Amino acid sequence: GESVGLHLPTLSVQEGDNSIINCAYSNSASDYFIWYKQESGKGPQFIIDIRSNMDKRQGQRVTVLLNKTVKHLSLQIAATQPGDSAVYFCAEKWSSGNTGKLIFGQGTTLQVKP
Amino acid sequence: GAGVSQSPSNKVTEKGKDVELRCDPISGHTALYWYRQSLGQGLEFLIYFQGNSAPDKSGLPSDRFSAERTGGSVSTLTIQRTQQEDSAVYLCASSLGGTGFTGELFFGEGSRLTVL
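Residues numbered from 1 in each chain as written. Chains lettered and ligands numbered in written order. Predicted model: local features only at pLDDT ≥ 70, side-chain atom pairs only at ≥ 80, totals over all residues. Heavy atoms only, no water.

**What about the overall build of chain B?**
Right, so step 1: Regarding its fold elements, chain B presents zero helices and ten strands.
Right, so step 2: When the helices and strands of chain B are placed in sequence order, the string is β-β-β-β-β-β-β-β-β-β.
Right, so step 3: Along the three orthogonal principal directions, the C-alpha set of chain B runs to about 40 × 25 × 25 Å.
Right, so step 4: Taking all 116 residues of chain B together, 49% fall into the buried category.
Right, so step 5: When the accessible surface of chain B is totalled, it reaches about 5,600 Å², and 45% of it is carbon and sulfur.
Right, so step 6: Within chain B, one finds 10 positive and 12 negative side-chain charges whose respective centroids are separated by 4 Å. (Helix = DSSP H or I, 4+ residues; strand = E, 2+ residues; numbered from the N terminus. Buried < 20%, exposed > 50% of the residue type's maximum accessible area, 1.4 Å probe, protein only. Areas by Shrake-Rupley, 256 points an atom, 1.4 Å probe, with all protein chains shown as cover. Lys, Arg positive; Asp, Glu negative; His and termini not counted. Charge placed at Lys NZ, Arg CZ, Asp CG, Glu CD.)

**Things to note about the pattern of salt bridges**
Right, so step 1: Applying the stated criterion to the full structure yields nine salt bridges over all chains.
Right, so step 2: A salt bridge links Asp 56 of chain B to Lys 101 of chain A; the shortest N-O distance between them is 3.6 Å. Within this pair, whereas Asp 56 of chain B is found in the loop between strand E5 (43–50) and strand E6 (65–69), its partner Lys 101 of chain A is found in the loop between strand E9 (86–93) and strand E10 (102–104), the two belonging to separate chains.
Right, so step 3: Under the relative-accessibility criterion, Lys 101 of chain A is labelled buried at 6%.
Right, so step 4: Ionic contacts of the salt-bridge type, sharing partners, join the residues Lys 37, Glu 39 and Lys 42 of chain A into one network. (Salt bridge = Lys/Arg side-chain N within 4 Å of Asp/Glu carboxyl O.)

**Some thoughts on the side chain of His 29 of chain B**
Right, so step 1: By secondary structure assignment, the location of His 29 of chain B is in the loop between strand E3 (19–24) and strand E4 (31–37).
Right, so step 2: Here the side chain of His 29 of chain B touches Ser 94 of chain B through a polar contact of 2.7 Å, side chain to side chain. (Polar contact = N/O pair within 3.5 Å; in protein donor to acceptor, adjacent residues only side chain to side chain.)

**Considerations on the pairing of E9 of chain A**
Residue and element names in this part refer to chain A.
Right, so step 1: Counting buried positions over the eight residues of E9 gives seven, a clear majority of the element.
Right, so step 2: Where strand E4 (residues 32–38) meets E9, seven bridges bridge the pair, whose relative direction is antiparallel. Looking across to E9, one finds that Tyr 36 is bridged to Phe 89.
Right, so step 3: Note that E9 and strand E11 (residues 108–113) share three bridges and pair antiparallel. If you follow Val 87 over to E11, its bridge partner there is Thr 109.
Right, so step 4: By the bridge criterion, three bridges tie E9 to E10 in an arrangement that is antiparallel. Directly across from Lys 93, in E10, lies its bridge partner Leu 102. (Pairing = 2+ DSSP bridges.)

Put into structure tokens, the structure is as follows:
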């Protein structure tokens, strides 16, 4: 199926360190890029989004960076906590007419060591 | 309930049988999505409904897969003549949709399908 590419399937970090999760996307026409977190046995949960005309957006302990030149997206998590352990997916919203179809990447597993 | 509800949560079936998976979206959400997630994999887009528009079926893997959304609310994903490769978690999500939609989907907890 259609998907967005991701670097590094597993990322292991020490509690308190910063985490950086990367993503490559393919559709230059996408108008929004989104990060989701999925905990074991649950559906994905929205973290943060960024519009295609922005290059940085900050949330609570998270920052998303967008580099359209190289079609790259990253999620930075500050002071990583054990509760941040999960699989993280990037997604892009394909904007064609009124469609809001979201295409997801393969995911990066974040492991936080105490 | 307040969230997206999916049923059944688990379904075990024999190869060749038909299965129906149900999704009850958040009230008022005009957009509804189905995704498939195989073990350890990402989310594969299947189908997307937005209001009264024709659904985007571009992700359905074969003609054994179909989905409908009745009355703009509840959706059913049907898989006919199931195959072992259909085994996966089927996730449903809903959103407000429309021109203000930025990509925030609300997911259910999924229906885990196992085809023996």
